[in-house]
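# Secondary and tertiary structure notes
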Amino acid sequence: MWVENPDYRTMSSRLRYGTRSNCQNKRKGMVLGRIPATRDLRRIATMARALSSSSATSIHGIHVFHCPDAVGIVAKLSECIASRGGNIHSVDVFVPESNQVFYSRSEFTFDPVCWPRDAMEAEFRKLSKFFNAEASVLRVPALDPKHKIAVLASKQDHCLVDLLHRWQEGRLSVDISCVISNHNRGPDTHIIRLLERHGIPYYYLPTTSGNKQEQEILGLVDDTDFLVLARYMQVMSGRFLESYGKDIINIHHGLLPSFKGGNPSKQVERVSHRDNLRSFVLKSENLERQCLAQAIKSYCELRVLPFESNKTVVF
């Protein structure tokens, strides 16, 4: 973010209007009492280099905090960041009325030379102990590794294709370790060619009502940070969820709670006299793409926090 420095603007203004006077008076043999223009130029150049250097070395950090509610939490978090030269860009806070707990998410910039990543982690850890926090998570996207994910998909591939293209264009900050499907795609399909071009393995694991291939899937995704079910048309068992033990993002094809089942669009009345079933299906698929991509982006940006047993806080 560029922030105009008022001192810089004033100095350049003085120089712009004072230089001509200097030159005119120099020709008359007069000596002015102000700083020569060349010295002004050097000072401006030095200031510009400092501003440019500061902007170049400042990087982006995200911190989320969850602890029992108390007076002064925001002040302490702000002091921790500001005391090391960090600049806070935004702070979101949530304190539910029914439960005296505190949630916050802060975005800030800092100079990693003045505030190394390890030192930052240690200082936030001190605050965590002071407030008896349940969670204190720091993420520095420029320094930390990207989230490693696996994507599961079935026959319909509009969500999978969209994710792969967003990832290819750098709009999703993740590393895709593999794609797993219970649908066999031919070697000449667009998805297989795209995956091969980027060196992403594709695993075809056919499923039946009695065999969901869950053990095989667990063996392939053990080292991932979270899973993405991109229209994967299989219900994962409780044993699978417990064994995996990490978060799973799923885009549900049903427009719940009103329309359940495998073909929700066919249960919906036309939204206007211009719509038909096909146009409504296309609109639904477009919403699914957008919702899934936004969910992954929000998760990677630490915008989704667990709340109670089966809820989340979304910043």
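Please refer to the structure higher up on the page.
Below: a short report on this structure. Keep in mind that this is a model prediction, so the values were computed, not measured. The residue numbering used here restarts from 1 in each chain and proceeds along that chain's sequence as written. Confidence filtering applies because this is a predicted model: local features only for residues at pLDDT of at least 70, side-chain atom pairs given and counted only at 80 or more, and all residues used for totals across whole chains, interfaces and linings. Computation of side-chain values: all heavy atoms of the structure, hydrogens and water removed.

### Description of the overall build of the protein
- Secondary structure elements follow DSSP: runs of H or I of four or more residues count as helices, runs of E of two or more count as strands, with numbering from the N terminus. Within the protein, the regular secondary structure consists of 9 helices and 11 strands.
- Note on exposure labels: buried denotes an accessible area under 20% of the residue type's maximum, exposed denotes more than 50%, and partly exposed covers the range between, all computed with a 1.4 Å probe on protein chains only. Looking at the protein as a whole, 37% of its 315 residues are labelled buried.
- Partitioning the intrachain contacts of the protein with sequence separation of at least 6 by distance along the chain shows that 63% fall at a separation of at least 24.
- Working note: accessible area of the protein is about 18900 Å², and carbon and sulfur atoms make up 52% of it. Only heavy atoms enter the contact rule, under which two residues are in contact if any of them lie within 4.5 Å. Method for areas: the Shrake-Rupley scheme with a 1.4 Å probe, in which residue coverage is limited to the protein chains shown.

### Observations regarding the sheet that holds strand β4 (residues 135-139)
- When DSSP locates at least two bridges between a pair of strands, those strands are taken to pair. The antiparallel open sheet is built from 4 strands, whose spatial order is β2-β3-β1-β4. Among the strands making up the open sheet, the edge pair consists of β2 (87-94) and β4. Strand-to-strand twist in this sheet, taken as the mean axis angle between neighbours without regard to direction, amounts to 10°.
- Where β2 and strand β3 (residues 101-110) come together, 7 bridges link them in antiparallel fashion. Every axis corresponds to a line fitted to the C-alpha atoms, with the helix fit spanning only the stretch in contact, and the corresponding angles, defined between N-to-C directions, vary from 0 to 180 degrees.

### Some thoughts on the nonpolar core
- Within the largest apolar cluster, 28 residues are counted, with the highest numbers of intra-cluster contacts made by V151, L163, V174, I176, F226, L292 and I296.
- Broken down by secondary-structure element, the contributors of at least two residues to this core are β5 (147-153), α5 (158-168), β6 (174-181), α6 (190-198), β8 (226-229) and α9 (277-300).
- Among all residues touching I176, those that are not within four sequence positions of it are I149, V151, L164, W167 and I200.
- Here, nonpolar core means buried Ala, Val, Leu, Ile, Met, Phe, Trp, Tyr and Cys residues that are tied together by side-chain atoms lying within 4.5 Å of each other. Among the nonpolar cores identified, the runner-up in size contains 18 residues, and L77, F108, F124 and L127 belong to it.

### Some thoughts on the sheet that holds β8
- Overall, parallel pairing links the 5 strands, which are arranged β7-β6-β5-β8-β9 in an open sheet. At either margin of the open sheet sits one strand with a lone partner, and together these are β7 (202-204) and β9 (248-250). The mean inter-strand angle of the sheet, taken between neighbouring strand axes irrespective of direction, is 20°.
- Of the strand pairs in this sheet, β5 and β8 are connected by 4 bridges, and their pairing is parallel. Note on β8: the bridge partner recorded for I149 is F226.
- Contacts from α5 reach β5, β6 and β8 within the one sheet, and its direction differs from that of β6 by about 155°.
- Of the strands in this sheet, β5, β6, β7 and β8 touch helix α7 (residues 214-221), which is tilted by about 160° from β6.

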